[in-house]
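Here's the letter readout for the chains.
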Amino acid sequence: MSGIFTPELLDRCISCGFCLPACPTYGLTAVETSSPRGRINLMRAIETGTLAENDPTVLEESSFCLGCRACEVVCPAGVQYGALLEEWRGRLWHGGRRSWRLKPLLWAVNRTPRVRALGLVRRHARTRRANGKAAHLMLGCFERVLYPRVSRSARILAPELSVPPAQGCCGALHAHNGELERGNQLAAELGDALAGTIVTTAGGCAAHLAGVLGPGRVRELSQWLAQRDGAGEPGNPRGDMRIGLQDSCHLRNGLDVYREPRELLAQVGEYVELPSAGACCGAAGTYAILRPRDSARVLARHLDEIADAGLDVIAVVNPGCYRQLEQGVRRRRLRTRVMHLAEVLAAYGDV
Amino acid sequence: MVTTAAPGERLRDRLEQAVGARNVRGDPGALVTYATDATPLQRGEPDLVVFPASTEEVAAVLRLADEARVPVIPRGSGTNLSAGTVPLSGGIVLVLTRMNRLLEISDADLVAVCEPGVRTIELAEAAAAKGLLFPPDPGSHTTATLGGNVAECSGGLRALKYGITRDYVLGVQAVLPTGEVIRSGGRLVKDVAGYDLRRLLCGSEGTLAVMTELTLRLVPAPESSGTGMAYFTDLREAARAVSRVLASGVLPVTLEFLDQVCIGAVEDYACIGLDTDAGALLIFGQDGDAHTIERDMERIAQACEAEGATELRIAGSSAEAAELLEARRAVLPSLSRLEPLTILEDATVPRSRIADMVEHIQAVARRRGLRIGTFGHAGDGNLHPTVVLDPADQEAVQGALEAFDEIFAKAIELDGSITGEHGVGIVKLPQLERQLGADHVALLRRIKAAFDPHGILNPGKLGS
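Residues numbered from 1 in each chain as written. Chains lettered and ligands numbered in written order. Predicted model: local features only at pLDDT ≥ 70, side-chain atom pairs only at ≥ 80, totals over all residues.

Some details on the interface of chain B and chain A
Let me state the cut-off plainly: Contact criterion: two residues are in contact if their C-beta atoms, reconstructed from the backbone, are within 7 Å. Strands are runs of DSSP state E lasting at least 2 residues, helices are runs of H or I lasting at least 4, and numbering of each runs from the N terminus. Charged means Asp, Glu, Lys or Arg here, nonpolar means Ala, Val, Leu, Ile, Met, Phe, Trp, Tyr, Cys or Pro, and polar covers whatever is left, Gly included.
Of the residues lining the interface, 24 residues belong to chain B; the matching set on chain A comes to 25 residues. For the side of chain B that touches chain A, the secondary-structure elements that each account for two or more residues are α2 (28–33) and α12 (331–336) of chain B. A per-element tally of the side of chain B that touches chain A places α2 of chain B first, with five residues. Among the residues forming the side of chain B that touches chain A, the class breakdown is eight nonpolar, 12 polar and four charged.

This is the structure:
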């Protein structure tokens, strides 16, 4: 069945295989079929009709992929794998083929009033309306419910931002789970609701919004702070806490933002670079919900490293990673605290 | 003597018993992903993909396949560029990526012992942590496996000074197609007992035996390195500069060049301030102690100036060195972005003939209306003429294949080779006899038959 993929995107791959070592699922299996090059070969086979789009291996691999886009960073040919994956899932996961686990999640954040209703029960940051300032803090959908302290901390760090309550979901959740069109539409709506620069505390949302609205409209919080304050003073930590970081995949691989959070953390404690800091923690949006066992396998190495490094705090820059690491740390009974970058800076930095 | 039997249900059951059911894949999706490697335009589906975890399992698989006369195609990460791991007539792709244990790094014996699925960069990093160097660094070293490197006899950027993979293979353990396990060489620098089979297996492209353990030579790591670059108005000057450098008693670790097409493509893509009017760019480097580096970089600079370099830069810091090397690293990404199809070749000539060869390539490209950029290892004459085109344009594809035919003929005429480091595989098998002669090729077939009486290992390639 042809017409699923944009030909120019699929043609880009030169099959060099440089993506293999960067791929977490190839790392788990050592099987080419579970690698970016392998999956692109599957896409090409669907496109030419060699394989049916509902072939069991095709379905399995479209779902086994974390969508972390680590392959894009090492690709010499510039393949936009994330975009191909969205097209793939857009085709395969539409309607009835979507997991029952996903449906309530997507429903809950599909309309702005529902997202606002979710947020009413928790005390996230808010200002009554957009106050005409050029930059706004985005509350996120699940983040405002699960981690309301993140937006309150961000507000303390960046009081110049307005926080209008009339804002919905950015649509990343939809785009990554087979509803690309709705995902893009939600991003555009949010762009209208928050005219000017959108500052977000969620790396995944930042990347999705930047993809739809253009990178000029979007700043992840650490980017915003770094640009506002200029370079901090490295090597002069105010505390002796050992702090590590779990990168947000789409923030790092999609927007090339990874220095900023490290520099900010190094100002409040002893920053420890974990060997797998830049690799996917297995949260991967809804992946931890859809494939809990594989998600835990991907996470295991990160927990080992957190334990070995004896961290006091592991900082995150995305709500999915927050939940993933919080659960992992709890199950392993590690003493390390999981905190969002904003919480770390608000609690231990001098603001 | 090409075996073409397809594996039946019974063979599959026995393979599953040998390596475990989950390590045998026959689903159409898996077969699609093992039908190709990094070579453009070449594909062939296997019937099964098998992932052994030990020498014993490899031996069991080979015995079963040999008995059933089913082809076996050994494979690592599948980065090779001559279709050496593409199945020509079905059979079993034997993937060695699960055998990825780095068994030992000995600074006393200066050797590393590892399984074939260890990636080149993993060994290089483990050696570096002990102050040692594993010099072979093919372009695919982040992905490629050492088993694949040895089987293809990979080269890399440091070949002029340090040699190629073959020069670092001290010993191998290998399973013959009939299932026997042999060892050749070991931890010794001097060992002349018997024919040099470990060297024979280097570059044997998976047609003679399956290597399951490698003993590799390491050398002390150099203290530091220096890097520089020089522009020339035309390629002949750059080639003369290379000869002058070598005549001055300097053996540089890096001596890479880009032709005008490559310089233009890199600058268009990476915008790093290259001089697109230059006819050639030479990137050079030396490693060793600080004194040696300073002296050699000075001599290289003098040689370049004497041959008319229009601009010369010596990196003052490691950041600046990385910037200079970026021009070389960006060549393939830049070229490959121009068109969907990129064919990268590796015709090789004696260093003194580089200019003749590149001029011939450029003339062929002009005559056929093709876009061919040439870059490569000026120090060892290993050139990478690279054509970019649209695969939908059948005429252009045919023209490119004919162009390479002409380029290989010229390389042979200049006492060169049809392949310096990519291997013969499927792609260059038709050219092989032209270079080696009929008697030589007949001998290869007899050697192949001695190892593989039923012709099950990688049939249709070398020795078939």
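A word on the environment of S34 of chain A
With respect to the helices and strands, the residue S34 of chain A is situated in the loop between α2 (24–29) and α3 (36–48). The sequence separation of S34 of chain A and F64 of chain A amounts to 30 residues, and the corresponding C-alpha distance is 7.6 Å.

Brief notes about helix α11 (residues 318–329) of chain B
Residues and elements named next belong to chain B. Condition: What a helix is expected to span follows from its residue count: subtract one and scale by 1.5 Å. Working definition of burial: number of other C-beta atoms within 10 Å of the residue's own, with buried at 20 or more, exposed at 12 or fewer, and partly exposed in between, all C-beta atoms being placed from the backbone. Starting at the helix axis, one direction is taken to each C-beta atom, and the arc is that of these directions.
Here α11 is 12 residues long and its end C-alpha atoms lie 16 Å apart, about the 16 Å a rise of 1.5 Å per residue gives. For α11, every residue scored as buried is listed here: L324, A327 and R328. Along the axis of α11, the buried residues cluster in a sector spanning 110°; they form a single face. In α11, the exposed positions angled more than 90 degrees off the buried face are occupied by S318, A319 and A322.

Points about the domain arrangement of chain A
All names here are of chain A. For the record, the criterion: These domain limits were set by an automatic method or by a database of domain assignments.
Assigned domains of chain A: these are domain 1 (7–92), domain 2 (102–227) and domain 3 (231–348). Domain 1 and domain 2 are separated by 29 Å when their C-alpha centres are compared. Grouping the amino acids of the side of domain 1 that touches domain 2 by side-chain chemistry returns one nonpolar, two polar and three charged.

Some remarks on the environment of D304 of chain A
Examined against the element boundaries, D304 of chain A turns out to sit in helix α18 (residues 292–309). Spatially, the C-alpha atoms of D304 of chain A and R332 of chain A are 9.5 Å apart, while their sequence positions differ by 28 residues.

Topic: the nonpolar core
To keep it simple, the criterion reads: To count as a nonpolar core, a set of buried Ala, Val, Leu, Ile, Met, Phe, Trp, Tyr and Cys residues must be joined through C-beta atoms within 7 Å.
Ranked by size, the top nonpolar core spans 234 residues in total, and within it L281 and L282 of chain B carry the most contacts. Filtering out sequence-adjacent residues up to four positions away, L281 of chain B remains in contact with M229, Y231, F257, L258, I263, L274 and A327 of chain B.

Structural notes on the sheet that holds strand β10 (residues 210–217) of chain B
All names here are of chain B. Put simply, the test is: When DSSP locates at least two bridges between a pair of strands, those strands are taken to pair. Between the N-to-C directions of two axes lies an angle of 0 to 180 degrees, each axis being a line fitted to C-alpha atoms and, for a helix, fitted only over the stretch in contact.
Taking strand neighbours across the sheet as the criterion, the five strands line up as β5-β6-β10-β8-β9 in an open arrangement whose pairing is antiparallel. This sheet does not close on itself; its edge strands, each paired only once, are β5 (102–106) and β9 (181–185). Pairwise comparison of adjacent strand axes, ignoring direction, gives a mean angle of 10° for this sheet. Sheet analysis places strand β8 (residues 169–175) next to β9, joined by five bridges and oriented antiparallel. Looking at the pairing, G171 lines up with G185 of β9.

Let's talk about α3 of chain A
With 13 residues, α3 of chain A should cover 18 Å at 1.5 Å per step; its first-to-last C-alpha distance of 18 Å lies within 8% of that length. The element α3 of chain A is extensively covered by neighbouring structure, given that 10 of its 13 residues are classed as buried. Turning to α3 of chain A, its buried residues number three or more, namely P36, R37, G38, R39, I40, N41, L42, M43, A45 and I46 of chain A. Summarising the contacts, the buried residues of α3 of chain A are in contact with α1 (7–11), α4 (56–64), α5 (70–74) and α6 (81–92) of chain A together with α2 of chain B. Remark: G49 of chain A follows α3 of chain A within two positions and exhibits a positive phi of approximately 90°.

Focus on the domain arrangement of chain B
Residues and elements named next belong to chain B. Splitting chain B by domain gives domain 1 (9–97), domain 2 (102–220), domain 3 (224–264 + 281–319) and domain 4 (339–423). In this structure, domain 1 and domain 2 have C-alpha centres spaced 22 Å apart. Of the residues lining the interface, 16 residues belong to domain 1; the matching set on domain 2 comes to 20 residues. For the side of domain 1 that touches domain 2, the elements supplying multiple residues, two or more each, are α3 (55–68) and β3 (72–75). Here the side of domain 1 that touches domain 2 gets six residues from one element, more than from any other, and that element is α3. Per-class residue counts for the side of domain 1 that touches domain 2 are seven nonpolar, seven polar and two charged.

Remarks on the confidence of the model for chain B
Quick reminder of the rule: Each residue carries a pLDDT score, the predictor's own confidence in it, on a scale running from 0 to 100.
Put simply, chain B has an average pLDDT of 94, and 99% of its residues get 70 or more. With pTM at 0.93, the complex prediction returns an ipTM value of 0.94.

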